[in-house]
Amino acid sequence: MPKVRIRPQELSDAERFFEIIMNTNMEFLEVPVKTFEDEECFIQLNEIKRRKHLEYNYSILLDGKLVGACGLKIDQHRPYIGEIGYFVDEAYQGREIATEAVKLLEKIGFEQFLLQRIIILLDVRNRASERVAQKCGYENEGVLKKVHKIGEEFYDCFLYAKTA
């Protein structure tokens, strides 16, 4: 089993994140980052998002090397619900890294933030991400139609969830 840990994102992570985003097939994600400066700005906003209890973004480390990111968004209308998202560098996919990161993030959500429900929305075409949700014990609650936008296209997502 790989030694995976997560930690809050740091500005010094921007270069590695930008490299991952530019070199990994992100066909199932809407990536708001187009330039290195966009990535730096995204990371700089993390502190504001944390203070407002909106979003918590983490770097995924494998044996100390940054290989991906994960995050937990807090539902602002139902602050007892969080949504997990994640991505892993293409060169490191298939090694249970996302699965371990989700487990770590889920622990933070349930224990630190006292969430009662955590969801994972994933593009119905993304079978690898679906396996991560299943391995972590999330249950498929159905399909949400046209809830996910990539570019100008809308896609359906599975709704996976776990409760405390």
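Conventions adopted
- Residues numbered from 1 in each chain as written.
- Predicted model: local features only at pLDDT ≥ 70, side-chain atom pairs only at ≥ 80, totals over all residues.
- Heavy atoms only, no water.
- Helix = DSSP H or I, 4+ residues; strand = E, 2+ residues; numbered from the N terminus.
- Contact = heavy atoms within 4.5 Å.
- Expected span 1.5 Å × (residues − 1).
- Buried < 20%, exposed > 50% of the residue type's maximum accessible area, 1.4 Å probe, protein only.
- Core = buried A, V, L, I, M, F, W, Y, C linked by side-chain atoms within 4.5 Å.
- Pairing = 2+ DSSP bridges.
- Axes fitted to C-alpha atoms, helices over the stretch in contact; angles between N-to-C directions.
- Salt bridge = Lys/Arg side-chain N within 4 Å of Asp/Glu carboxyl O.

J.: I'd like a rundown of the environment of K149, residues and numbers included.
T.: Within the secondary structure layout, K149 lies in strand β6 (residues 139-150). In the structure, K149 is positioned 121 residues away from F28 in sequence and 9.3 Å away in space, judged by C-alpha atoms. Setting aside chain neighbours within four positions, we find K149 in contact with E30 and F154.

J.: So what about helix α4 (residues 97-112)? Which residues, and what values?
T.: Here α4 is 16 residues long and its end C-alpha atoms lie 22 Å apart, about the 22 Å a rise of 1.5 Å per residue gives. Within α4, the full set of buried residues consists of I97, A98, T99, E100, A101, V102, L105, E106, I108, G109 and F110. Among the residues trailing α4, L114 stands out with phi positive, at a value near 55°.

J.: Run through the nonpolar core, naming residues and quoting values.
T.: Generally speaking, soluble globular proteins have nonpolar side chains that are buried together. Ranked by size, the top nonpolar core spans 32 residues in total, and within it I60, I84, I120 and Y138 carry the most contacts. Listing elements by their share of this core, those giving two or more residues are β1 (4-8), β2 (55-62), β3 (65-74), β4 (81-88), α4, β5 (117-123), α5 (127-135) and β7 (153-163). The element best represented in this core is α4, accounting for 7 residues. Ranked by size, the runner-up nonpolar core spans 13 residues in total, among them A14, F17, F18 and L61.

J.: Which residues make up the sheet that holds β7, and what values go with them?
T.: Across a sheet, paired strands are connected by hydrogen bonds in the backbone, their directions being either parallel or antiparallel. Strand order in this open sheet of 7 strands is β1-β2-β3-β4-β5-β7-β6, and the pairing throughout is mixed. Strands at the two margins of the open sheet, each flanked by one partner only, are β1 and β6. Taking each pair of neighbouring strands and ignoring which way they run, the sheet shows an average axis angle of 30°. Here β4 pairs with β5 via 3 bridges, running parallel. Looking at β5, one finds that I81 is bridged to R117. Lying over the sheet, helix α1 (residues 14-23) contacts β2, β3 and β4, oriented at roughly 90° with respect to β3. Each of β1, β2, β3, β4, β5 and β7 is contacted by α4, which is oriented at about 50° to β1, the strand it contacts most.

J.: Describe the pattern of salt bridges, naming the residues involved and giving the relevant values.
T.: Side-chain pairs of opposite charge can arise whenever the charged atoms involved come near each other. All chains considered together, the criterion is met by 14 salt bridges. Here D75 and R78 are joined by a salt bridge, their closest N and O atoms 3.8 Å apart. Since its relative accessible area comes to 26%, D75 is described here as partly exposed. For R127, the salt bridge goes to E130, with nearest N and O atoms at 2.6 Å. Of this pair, R127 and E130 both sit in helix α5, 3 residues apart, which is roughly one turn of that helix. Via salt bridges that share partners, R7, E10 and D13 belong to a single interconnected network.

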